[in-house]
Amino acid sequence: MTPTTRPLPIDAAEVEFLWLDLTRKCQLACDHCYNASGPEGGHGRMSREAWLDLLDQAATAGIRSVQLIGGEPTMHPHFAELLDRAVALGMETEVFSNLVHVSDANWARFRRTGVSLATSYYSDQAGEHNALTGRPSHRRTRANIARAVELGIPIRAGIIVGRDDQRVAEARADLESLGVTRIGLDDVRPFGRGAEHGQPPDLTNLCGRCGTDAAAIGPNGEVTPCVFSTWMQVGNVRSGDLSTILSGPTMARATEAIRQAVQSKNLKPELKCAPKKCYPDQTPCFPARTPCTPKRELPPACQPDDGECEPGYTSNHCNPRR
């Protein structure tokens with residue numbers, strides 16, 4: 001039987017969240033990075049003015065929240081201005097950082113109302129953590145997680161599982177000992193360096209709700225349904241209007257293709273549909289784990305043990321890792 005879905009037209013007014021994928025530059029060289037960022041990465045073709053204009057367009061289009069991500073977003077030469085503009089526009093702004101280095105000026109920015117932090121964590125042991133990040137980063141990341149908690153900055157951490165024998169439980173306990181209360185768990189996603197050698201991108205490895213109420217803007221201005229689906233470009237804000245792209249037929253086709261692919265993989269008799277109280281308007285049947293809902297809190301009854309699905313929040317369903 002061929003699964004069918006009710007077409008989900010994309011209305012720019014329904015897109016409430018944007019990933020602003022600022023750069024491919026990063027201090028780390030994680031062997032599983034979903035977009036292959038690293039020390040040799042660049043900042044792309046989006047100029048300072050283009051990013052600022054994009055934020056203005058996003059606010060006009062009704063975007064309520066953004067996440068600054070990369071790469072390491074704080075390494076972008078105009079990071080401070082972009083964060084400042086997002087806050088000034090009243091957007092809830094999350095910075096997804098490896099927390100290897102945080103300047104005093106950025107600590108002050110992170111303490112403002114409407115700003116929060118997210119980071120990835122791998123192990124309570126420095127050697128295991130550093131083996132996955134490709135750099136001696138554990139000590140600094142851990143110390144800056146502790147400082148964020150001490151300063152009262154909202155922070156969430158995702159434990160990324162890249163090895164069968166990884167000290168996941170110990171990593172969670174370590175984060176809890178630092179005062180982190182929002183902790184998620186995710187497996188390495190097969191994208192970028194996380195994919196097996198020669199493995200092409202596969203739509204079925206996406207969560208299935210990409211592009212529904214969120215979209216991503218890449219360092220060259222490319223618009224995609226999410227940060228994982230970088231090969232599915234539906235427009236470019238350097239040459240087109242954000243609202244027009246988000247509500248256009250190319251985005252609608254991309255979104256429907258993702259939904260169909262994920263449904264074909266997951267629509268099986270032994271799998272349960274998402275609870276109606278979580279997604280009352282949702283037709284597709286997903287696995288028992290909660291579908292991806294970027295930047296939205298779910299009712300407690302809808303949250304699986306391994307966490308809610310947000311970019312970087314690290315549940316087992318949809319999130320970037322580095």
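What counts and what doesn't
- Residues numbered from 1 in each chain as written.
- Predicted model: local features only at pLDDT ≥ 70, side-chain atom pairs only at ≥ 80, totals over all residues.
- Heavy atoms only, no water.
- Axes fitted to C-alpha atoms, helices over the stretch in contact; angles between N-to-C directions.
- Helix = DSSP H or I, 4+ residues; strand = E, 2+ residues; numbered from the N terminus.
- Parallel < 35°, antiparallel > 145°, perpendicular 65-115°, else oblique.
- Left-handed = near helix turned anticlockwise from the far one by under 90°.
- Contact = heavy atoms within 4.5 Å.
- Nonpolar A, V, L, I, M, F, W, Y, C, P; charged D, E, K, R; others polar.
- Core = buried A, V, L, I, M, F, W, Y, C linked by side-chain atoms within 4.5 Å.
- Buried < 20%, exposed > 50% of the residue type's maximum accessible area, 1.4 Å probe, protein only.
- Pairing = 2+ DSSP bridges.

**Student:** Sorry, what's going on with the packing of helix H1 (residues 48–60) against helix H2 (residues 79–88) here?
**Tutor:** With their axes 10 Å apart at the nearest point, H1 and H2 run at an angle of 15 degrees to one another. Comparing their axes, H2 and H1 come out roughly parallel. Like other packed secondary-structure pairs, H1 and H2 cross with a definite hand, here right-handed. Where H1 approaches H2, its residues Arg48, Trp51, Leu52, Leu55 and Asp56 are matched on the opposing element by Glu81, Leu82, Arg85 and Ala86. By residue class, the composition of the contact of H1 with H2 is five nonpolar, no polar and four charged.

**Student:** I would appreciate a short explanation of the nonpolar core in the present structure.
**Tutor:** In terms of nonpolar packing, the biggest core is built from 68 residues, with Leu18, Leu20, Phe110 and Leu117 touching the most fellow members. Of all the elements, H1 adds the most residues to this core, at five residues. In contact with leucine 18, other than residues within four places in its own chain, are Ala58, Ile63, Ser65, Val66, Gln67, Ala215 and Leu242. The next biggest cluster of nonpolar side chains, apart from the first, holds eight residues, and it includes Cys26, Cys30, Cys33 and Val100.

**Student:** Before we go on, may I ask you to explain the pairing of strand E7 (residues 214–217) in this structure?
**Tutor:** Side-chain direction in a regular strand flips from residue to residue, so the side chains alternate between the two faces of the sheet. Taking every second residue as pointing to the same face, both faces of E7 are buried, with Ala214 and Ala216 on one and Ala215 and Ile217 on the other. One ladder, built from four bridges, connects strand E1 (residues 17–21) with E7; its direction is parallel. Considered in E7, the bridge of leucine 20 is made with isoleucine 217. Pairing between E7 and strand E8 (residues 222–224): two bridges, direction antiparallel. The residue bridging isoleucine 217 from the neighbouring strand is valine 223, located in E8. Taking the residues between adjacent antiparallel strands as the criterion, E7 and E8 are bridged by four residues, where glycine 221 takes a positive phi near 90 degrees.

From the geometry alone we can't say anything about function, so treat these as descriptive.
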